[in-house]
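Fold and geometry: a report
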Amino acid sequence: MIDTTSPAARATGGATSTPELEIVPVRNHGRWIAAVASLLALVGLIGSLAKNDNLRWDVVGDYLFADLIFDGLATTLWLTAAAMVLGLALGTLIAVMRLSSSPVLYGLANAFVWVFRGTPLLVQIIFWGYAAALYKYVKIGIPFTDVTFFQAETNALLTPAIAALLALGLNEAAYASEIVRAGIQSVDPGQAEAAHSLGMRPALTMRRIVLPQAMRVIIPPMGNETINMLKMTALVSVISAHDLMSNIQDVYAQNYQVIPMLVVASIWYLALVTLLGVPQAWLERRYGRGTTRAGHASPFRRLLGGTTERLGKKNKERNR
Amino acid sequence: MSTPMVRAEGVRKHFGRLDVLKGIDLTVERGQVCCLLGPSGSGKSTFLRCINHLEKVDGGRLTVDGELVGHRQQGNRLHELREREVAARRRDIGMVFQRFNLFPHMTALENVTEAPVKVGGASKADAREQAQLLLEQVGLGDRAHHYPAQLSGGQQQRVAIARALAMRPKLMLFDEPTSALDPELVGDVLDVMRQLAADGMTMVVVTHEIGFAREVGDTAVFMDEGVVVEAGDPRRVLVDPEQERTRAFLSKVL
């Protein structure tokens, strides 16, 4: 351990004539025992996995970079991105509706959230996958008349991928609307008043003043939602939307190597989730402007700045 | 005689069952400084907010520079204006808040340039140049690139004044501009307001600074429980008031 106390103690000891006293930190025996025990358990687990022949690392290696897996990854990625965009756009609209003073808009938005948050996502995915059983044709026209602008077979429109996108996007919208609403409500009403007093219109006020501040509250939970979404796309394998999980299932249905194939899937999901942390950190910094007195340095520079500052402080104390 | 800058005739306002303003009559002439004083809950801040339609008036007539702010008169009816139209009329009325309400995600300079660029249609370069001048005018030329969180309360309030001035308003409203400040920071803000008054700006100031009202105010208006109790020359109203209520208030705050 580096002793951080003695320079200061020495400095004060030099200034006054009190005898130098050594400070003895508390010894946490329990903490040491717990650390050793848990490390032993981990080593044991890794050892047993390494010795286990049923975990076929050769199969993992064969499939980790297979074309089929990359096809699935591409679907998973665009499905995640598209569902999040749909969810955030629709969710923002619903959030604004819920904050509206019109009882009709408020009620409709509430009903939407009630339905899509209140039923299991798996049910919603299967529902959209089999929607053709409910409506054979999709028609757009004037209700209760024969006027039709557009007509198509449901099965032609609702491919498994589109059904998956709808299910994930609509479900996400229900959750995103709550997050966006909380974000908007977290902004001091005085901000909108100040903007109005400068002659800014409500839409401009929302875009330039309220939403940028709400973003600070919205981004961390939306980051969570994105990570969740990435993993929830695995559920659309039930309507074979050809995402990563669907393709993994196709493989192990043929070669029966269930566990190794799940390891392949897990490695990729873990890698993608780890990568998602980068844009989130960037966004948090972008919208965190003006919140700290220290200004805004990048996480890397903050780390460096923090240590140099601490070192500088220590030196100053030493020089006293 | 030109039209007064602010004319209130029988202005009424209620929140639910509570009558906050019970018929306010008030005139502020061009270039004058009108100070509104009174105990909390007397309706002075509400009246100030009615002037730029942050609060909707429930009755009476309130004009700024001869024009209704939140309504359009047709015969005997007052039609409420759309937000867009209200926003256009508010551009000429600057407002400074008790809690500053600076935009925390923008630097001092960006706070000042926001409205001229986005509402006034000024070019970014022009707005910056003007904002820098305004910040220097309030003594903060070297703080242009600081965020509000990096400024003291007094500095924030002076940026807020510069922000309001950037729209070149013909009327400035101040809602207890020094009430949220440490005592030692009050002076800087009052100095800026004093200079503004000396430059001929029409100002309506809700304040508890009796000294400022006496020195800078052209009229002092004492309000209590939603009515104007007494109005006139501040050197009379705030020194030797006619009404017992005013006298009681002054004896408590002085």
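What you are looking at is a predicted structure, and each value in this text was computed from that prediction instead of being measured.

Calculation rules
- Residues numbered from 1 in each chain as written.
- Chains lettered and ligands numbered in written order.
- Predicted model: local features only at pLDDT ≥ 70, side-chain atom pairs only at ≥ 80, totals over all residues.
- Heavy atoms only, no water.
- Helix = DSSP H or I, 4+ residues; strand = E, 2+ residues; numbered from the N terminus.
- Rg over C-alpha atoms; globule rule 2.2 N^0.38 Å.
- Buried < 20%, exposed > 50% of the residue type's maximum accessible area, 1.4 Å probe, protein only.
- Contact = heavy atoms within 4.5 Å.
- Areas by Shrake-Rupley, 256 points an atom, 1.4 Å probe, with all protein chains shown as cover.
- Lys, Arg positive; Asp, Glu negative; His and termini not counted.
- Charge placed at Lys NZ, Arg CZ, Asp CG, Glu CD.
- Patch = residues over 30% accessible without salt bridge, like charges linked within 9 Å, V, L, I, M, F, W, Y side chains within 5 Å.
- Salt bridge = Lys/Arg side-chain N within 4 Å of Asp/Glu carboxyl O.
- Buried area = accessible area lost by both parts, 1.4 Å probe.
- Nonpolar A, V, L, I, M, F, W, Y, C, P; charged D, E, K, R; others polar.
- Expected span 1.5 Å × (residues − 1).
- Core = buried A, V, L, I, M, F, W, Y, C linked by side-chain atoms within 4.5 Å.
- pLDDT = per-residue confidence, 0-100.
- Axes fitted to C-alpha atoms, helices over the stretch in contact; angles between N-to-C directions.
- Parallel < 35°, antiparallel > 145°, perpendicular 65-115°, else oblique.
- Left-handed = near helix turned anticlockwise from the far one by under 90°.
- Pairing = 2+ DSSP bridges.
- Polar contact = N/O pair within 3.5 Å; in protein donor to acceptor, adjacent residues only side chain to side chain.

1. Notes on the overall build of chain B
Regarding its fold elements, chain B presents 9 helices and 12 strands. The C-alpha atoms of chain B give a radius of gyration of 18 Å, which matches the 18 Å a tight globule of 254 residues would have. Counting only C-alpha atoms and orienting by the principal axes, one finds that chain B spans roughly 50 × 45 × 40 Å. By the burial criterion, 54% of the 254 residues in chain B qualify as buried. Put simply, of all contacts in chain B between residues at least 6 apart along the chain, 63% involve residues at least 24 apart. In the form shown here, chain B has an accessible surface area of approximately 11200 Å², with 43% of it arising from carbon and sulfur atoms. Where the 33 positive side-chain charges of chain B centre and where its 35 negative ones centre are 6 Å apart.

2. Topic: the overall build of chain A
The helix and strand tally for chain A stands at 13 helices and 2 strands. Per-residue burial over chain A gives 32% buried out of 320 residues. Contacts in chain A between residues at least 24 apart in sequence constitute 69% of all its contacts with a sequence separation of at least 6.

3. Some points on a nonpolar patch on the surface
Residues and elements named next belong to chain A. Residues Ile-140, Ile-142, Val-147, Phe-149, Phe-150 and Leu-157 make up a contiguous nonpolar surface patch of roughly 560 Å² in combined accessible area. One can find Leu-157 in helix α7 (residues 154–157). Overall, Leu-157 belongs to the partly exposed group, its relative accessible area being 36%.

4. Quick look at the interface of chain B and chain A
Listed per partner, the contact involves 27 residues of chain B and 25 residues of chain A. Summed over both sides, the interface of chain B with chain A buries roughly 2300 Å², with 59% coming from carbon and sulfur. At the junction of chain B and chain A, the tally comes to 2 salt bridges. Elements with a contribution of two residues or more to the side of chain B that touches chain A: α2 (83–90), β8 (93–96), α3 (108–118) and α5 (153–165) of chain B. Counting residues per element, the side of chain B that touches chain A draws most heavily on α2 of chain B, which supplies 4 residues. Its residues assigned to classes, the side of chain B that touches chain A comprises 15 nonpolar, 4 polar and 8 charged.

5. A closer look at α5 of chain B
Structural remark: α-helix, 3.6 residues per turn; residues separated by three or four positions point the same way. Compared with an ideal rise of 1.5 Å per residue, which puts 13 residues at 18 Å, α5 of chain B spans 18 Å between its outermost C-alpha atoms and is within 8% of the ideal. By the criterion of burial, α5 of chain B is predominantly enclosed, with 13 of the 13 residues buried.

6. Topic: the nonpolar core
Membership of the largest hydrophobic core comes to 46 residues, with the highest contact counts inside it found for Ile-161, Met-172, Phe-174, Met-193 and Met-203 of chain B. Filtering out sequence-adjacent residues up to four positions away, Met-193 of chain B remains in contact with Ile-161, Phe-174, Pro-177, Met-203, Val-205 and Phe-212 of chain B. Ranked by size, the runner-up nonpolar core spans 39 residues in total, among them Ala-195 of chain A together with Leu-48, Leu-62 and Met-223 of chain B.

7. Looking at the confidence of the model for chain B
Predicted confidence across chain B gives a mean pLDDT of 93, with 100% of residues reaching 70 or more. Among the prediction metrics, the complex's ipTM stands at 0.94, with pTM recorded as 0.78.

8. As for the packing of helix α5 (residues 103–118) of chain A against helix α8 (residues 160–185) of chain A
All names here are of chain A. Contact geometry for α5 and α8: axes closest at 8 Å, N-to-C directions at 120°. Regarding the angle of α5 to α8, the classification is oblique. Seen from above, α5 lies across α8 with left-handed handedness. When α5 is examined against α8, the residues Phe-112, Val-113, Phe-116 and Arg-117 are found in contact with a partner set consisting of Leu-170, Asn-171, Ala-173, Ala-174, Tyr-175, Ser-177 and Glu-178. Grouping the amino acids of the contact of α5 with α8 by side-chain chemistry returns 7 nonpolar, 2 polar and 2 charged.

9. A word on the pattern of salt bridges
All names here are of chain B. Per the stated rule, a full pass over the model turns up 24 salt bridges over all chains. Asp-142 is paired through a salt bridge with Arg-143; the nearest N and O atoms lie 3.0 Å apart. Looking at Arg-143, the relative accessible area reads 25%, which means it is partly exposed.

10. A closer look at the sheet that holds strand β2 (residues 18–28) of chain B
Residues and elements named next belong to chain B. Spatially, β2-β1-β4-β5 is the arrangement adopted by the 4 strands of the open sheet, whose pairing is antiparallel. Only two strands of the sheet have a single neighbouring strand rather than two, namely β2 and β5 (67–68). Strands in contact with helix α1 (residues 44–51) are β1 (6–15), β2 and β4 (59–64); relative to β2, the strand with the most contacts, it is inclined by about 60°.

11. Observations concerning a positive patch on the surface
On the surface, Arg-207 of chain A together with Lys-118, Lys-124 and Arg-128 of chain B cluster together to form a positively charged patch. Position of Lys-124 of chain B relative to the elements: it lies in helix α4 (residues 124–137).

12. So, the side chain of Gln-213 of chain A
Structurally, Gln-213 of chain A can be placed in helix α10 (residues 202–232). Among the polar contacts listed, one links the side chain of Gln-213 of chain A to the side chain of Gln-191 of chain A, at a separation of 2.9 Å. Of note is the side chain of Gln-213 of chain A, whose polar atom sits 3.1 Å from the backbone oxygen of Ile-209 of chain A. Ignoring anything within four residues of it in the chain, the contact list for Gln-213 of chain A reads Val-187 and Gln-191 of chain A together with Pro-104 and His-105 of chain B.

13. Things to note about the pairing of strand β7 (residues 77–80) of chain B
Note: strand β6 (residues 71–74) of chain B against β7 of chain B, 4 bridges, orientation antiparallel. Directly across from Arg-72 of chain B, in β7 of chain B, lies its bridge partner His-79 of chain B.

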